[in-house]
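Working through the structure, step by step
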Amino acid sequence: DEEQPGTYADSSGNGNTMTAAGNLPAPAVVTGAQGNAVEIRRTEPGQQVTSLNVPAANSIMPASFTASYHFNTKANDNLKLSQIRFDGSGGLTWGFEILANRRMNFFVFDSDSANDVQSVAQLPFEAFDTSGGTADNLDNDPAWHHVAASYDHLTGKLTLWLDGVKSEKTVTGLIGAPRYGTAGINGALRSGTGLTIYDDLRIYASTLSDADVAFLRQNPGLPL
């Protein structure tokens, strides 16, 4: 419920601020699933999307983790609808994207993009512009959706929950813990190809149970 977009608290409760990169459009505070949320978009079709730099100089991701957030997608185009992506200058990259089949994809990889898991459930809106053009496709889906995903570095298992429906896949070949990267060098939360509202983004230093994820889905804004 921050009044300024791009603020977050670390595990000690300390406040931090993310800044919009370059001349990209700044995020805005709008009504969320509960209280305030952050709206991220680009200004014109074909332009780069907003990127929020994370001021982190070290590997601050745990080896195993779970990410959870609520989102409301208002517009997109004929490219992959990248939801949230954390790029690192070293170590693993991870993130979410919506595919043409209206399913969510959760990926954790270094050089092998096959290390991902796709949701069984489908979203009710179209993720691509079927005309093949570059203009935004205004789907105006009024619903809020919840997604959570975990990476277990001991087993290589990826688990993805989309609106409460779970998918799992065991991947191989991943080495090391994910990281945000160094400040100003791909250390960013990137949101893309359209207008999306995000709320209650959380990153936990462990895998979560089905009951934990169900609680996060049903109780945005409440502590786990």
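Report on the accompanying structure. (Residues numbered from 1 in each chain as written. Predicted model: local features only at pLDDT ≥ 70, side-chain atom pairs only at ≥ 80, totals over all residues. Heavy atoms only, no water.)

Attention now goes to the overall build of the protein chain. Helices and strands together make up the secondary structure of the protein chain, namely one helix and 16 strands. The burial tally for the protein chain puts 45% of its 224 residues in the buried class. Total accessible area on the protein chain is roughly 10,100 Å²; 49% of this is exposed by carbon and sulfur atoms. (Helix = DSSP H or I, 4+ residues; strand = E, 2+ residues; numbered from the N terminus. Buried < 20%, exposed > 50% of the residue type's maximum accessible area, 1.4 Å probe, protein only. Areas by Shrake-Rupley, 256 points an atom, 1.4 Å probe, with all protein chains shown as cover.)

With that settled, the discussion passes to the packing of aromatic side chains. This model, assessed by the stated rule, comprises eight aromatic pairs. Considering the side-chain rings of Phe65 and Phe106, the 6.4 Å spacing of their centres and the 75 degrees angle between planes classify their relative orientation as edge-to-face. Here Phe106 lies in strand β10 (residues 104-109) and Phe65 lies in strand β7 (residues 65-76), a separation of 41 residues in the sequence. For Phe65, a relative accessible area of 0% puts it in the buried group. Feature note: the residues Phe65, Tyr69, Phe71, Trp94, Phe96, Phe106, Tyr151 and Tyr198 constitute an aromatic cluster, connected by ring pairs. (Phe/Tyr/Trp six-rings, centres within 6.5 Å; stacked < 30°, edge-to-face > 60°.)

A word on the side chain of Asp199. In this fold, Asp199 is placed in strand β16 (residues 194-204). Although Asp199 lies buried, it forms no salt bridge, and the closest oppositely charged side chain, Arg202, sits 8.5 Å away as judged by the N-O distance. Polar side-chain contacts of Asp199 include one of 2.9 Å to the backbone nitrogen of Ala33. Apart from the residues within four sequence positions on either side, Asp199 is in contact with Gly32, Ala33, Gln34, Asn36, Ala37, Tyr69, His70 and Trp144. (Lys, Arg positive; Asp, Glu negative; His and termini not counted. Salt bridge = Lys/Arg side-chain N within 4 Å of Asp/Glu carboxyl O. Polar contact = N/O pair within 3.5 Å; in protein donor to acceptor, adjacent residues only side chain to side chain. Contact = heavy atoms within 4.5 Å.)

Direction of pairing for strand β4 (residues 28-31) relative to strand β5 (residues 36-40): antiparallel, over a ladder of four bridges. In the sheet register, Val29 faces β5, and the bridge partner there is Val38. Taking the residues that link successive antiparallel strands as the turn, the β4-β5 hairpin has four residues, and the phi of Gly35 there is positive, at about 75 degrees. (Pairing = 2+ DSSP bridges.)

Counted according to the given criterion, the structure contains four salt bridges. Glu168 is the salt-bridge partner of Lys157, the closest N and O atoms lying 3.8 Å from each other. You can see Lys157 sitting in strand β13 (residues 157-162) and its partner Glu168 sitting in strand β14 (residues 165-170), a full 11 residues away along the chain. The exposure class of Lys157 is partly exposed, given its relative accessible area of 32%. Between Asp210 and Lys166 there is a salt bridge, and its shortest N-O distance comes to 3.2 Å. With Asp210 in helix α1 (residues 210-218) and Lys166 in strand β14, this pair connects stretches of sequence that are 44 residues apart. Given a relative accessible area of 34%, Lys166 falls into the partly exposed group.

Turning to the nonpolar core, a few remarks are in order. Counting residues in hydrophobic clusters, the biggest one holds 27 residues, and the most contacted among them are Phe71, Phe96, Met104 and Phe106. Taken together, the elements giving at least two residues each to this core come down to β5, β7, β8 (81-87), β9 (93-98), β10, β12 (145-152) and β13. No other element matches the four residues that β7 contributes to this core. If we skip the residues at most four places from it in the chain, Met104 touches Tyr69, Phe71, Gln83, Phe96, Glu97, Ile98, Val117, Gln118, Ser119, Val147, Leu160 and Leu162. With six residues, the next largest nonpolar core counts Trp161, Leu208, Val213 and Leu216 among its residues. (Core = buried A, V, L, I, M, F, W, Y, C linked by side-chain atoms within 4.5 Å.)

Turning to the side chain of Thr66, a few remarks are in order. Within the element layout of this structure, Thr66 appears in strand β7. Accessibility expressed as a relative area gives 0% for Thr66, which makes it buried. Contact partners of Thr66, with chain neighbours within four places excluded, come to Ala149, Ser150, Arg202, Ile203, Tyr204, Ser206, Thr207 and Leu208.

Turning our attention to unusual backbone geometry. Not every positive phi belongs to a glycine, and Asp163 is a case in point at roughly 50 degrees. Within the secondary structure layout, Asp163 lies in the loop between β13 and β14. The backbone of Asp200 shows a phi angle near 55 degrees, a positive value even though the residue is not glycine.

That is the geometry; function is a separate question.
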